Amino acid sequence: MRNLLPSDTWALMQAHPDALMVDIRMEIEFMYVGRPPGAVHVSWYEYPEFTPDAPAFCAAVLDEARRKDRTVVLLCRSGQRSVEAGRALEAAGFTDVVNVLHGFEGDLNANFQRSSLNGWRFDGLPWEQM
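All of the points below concern the structure found in this document. (Residues numbered from 1 in each chain as written. Predicted model: local features only at pLDDT ≥ 70, side-chain atom pairs only at ≥ 80, totals over all residues. Heavy atoms only, no water.)

Looking now at the sheet that holds strand β2 (residues 20-23). Strand order in the open sheet formed by five strands is β1-β5-β4-β2-β3, and the pairing between neighbours is parallel. Looking at strand neighbours, the two that pair on one side only are β1 (2-4) and β3 (40-41), the edges of this open sheet. In this structure, β1 lies alongside strand β5 (residues 97-100), joined through three bridges in parallel fashion. From the neighbouring strand, Arg2 faces β5, where its bridge partner is Val98. (Pairing = 2+ DSSP bridges. Helix = DSSP H or I, 4+ residues; strand = E, 2+ residues; numbered from the N terminus.)

Below, the structure written as structure tokens:
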């Protein structure tokens, strides 16, 4: 699994438009917090269980990717869930998995706030929300 900063991920996506960005956050995060344009949504886990189902997740990503050698870029809130999900994809035979470091919202600052230190949104990359 490659670990790329958001700006490097954006450059990869521009250079390889066939790469698939998968936002793995919960549906509520995907819909209301914001997301990169063109990202597909496949949750790593959902409320209220908060328990990943790795085989179901990998099958859903394969449905979107159509093949296991396609570049799959994983994005979560802060880059933690996506590491777990990336390991599951690799174990399932995916060969080109990218984790977006710091995720969409980034790390917490001293005041326990996100989007102020790093992350997709902090870096000024394209995003949208409902």
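Here we take up the packing of helix α3 (residues 54-65) against helix α4 (residues 81-91). For the pair α3 and α4, interaxial distance at closest approach is 10 Å and the crossing angle is 75°. Classified by the interaxial angle, the pair formed by α3 and α4 is roughly perpendicular. Residues Ala54, Phe57, Cys58 and Val61 of α3 lie in contact with α4, whose contacting residues are Ala85, Ala88 and Leu89. Along the lines of polarity and charge, the residues of the contact of α3 with α4 split into seven nonpolar, no polar and no charged. (Axes fitted to C-alpha atoms, helices over the stretch in contact; angles between N-to-C directions. Parallel < 35°, antiparallel > 145°, perpendicular 65-115°, else oblique. Contact = heavy atoms within 4.5 Å. Nonpolar A, V, L, I, M, F, W, Y, C, P; charged D, E, K, R; others polar.)

The complete set of buried residues in helix α1 (residues 6-15) reads Pro6, Thr9, Leu12 and Met13. For α1, the buried positions fall inside an angular range of 115° around the axis, keeping them on one side. Tucked inside the fold, the buried residues of α1 contact β1, β2, β4 (72-75) and β5. (Buried < 20%, exposed > 50% of the residue type's maximum accessible area, 1.4 Å probe, protein only. Arc of directions from axis to C-beta.)

Next up on the list: the nonpolar core. Residues Val22, Ile24, Phe57, Val61, Val72, Leu74 and Leu89 are the most contacted members of the largest nonpolar core, which totals 18 residues. Of all the secondary structure elements, the ones that give two or more residues to this core are β2, α3, β4 and α4. It is α3 that provides the largest number of residues to this core, a total of four residues. Within the second largest apolar cluster, 13 residues are counted, among which are Leu4, Leu75, Val100 and Phe104. (Core = buried A, V, L, I, M, F, W, Y, C linked by side-chain atoms within 4.5 Å.)

Turning our eyes to something else, we now look at a nonpolar patch on the surface. A contiguous nonpolar patch, built from Ile28, Tyr32 and Met130 and spanning about 370 Å² of accessible area, is present on the exposed surface. Take Ile28: it is sitting in helix α2 (residues 27-32). You can call Ile28 exposed: its relative accessible area is 52%. (Patch = residues over 30% accessible without salt bridge, like charges linked within 9 Å, V, L, I, M, F, W, Y side chains within 5 Å. Areas by Shrake-Rupley, 256 points an atom, 1.4 Å probe, with all protein chains shown as cover. Salt bridge = Lys/Arg side-chain N within 4 Å of Asp/Glu carboxyl O.)

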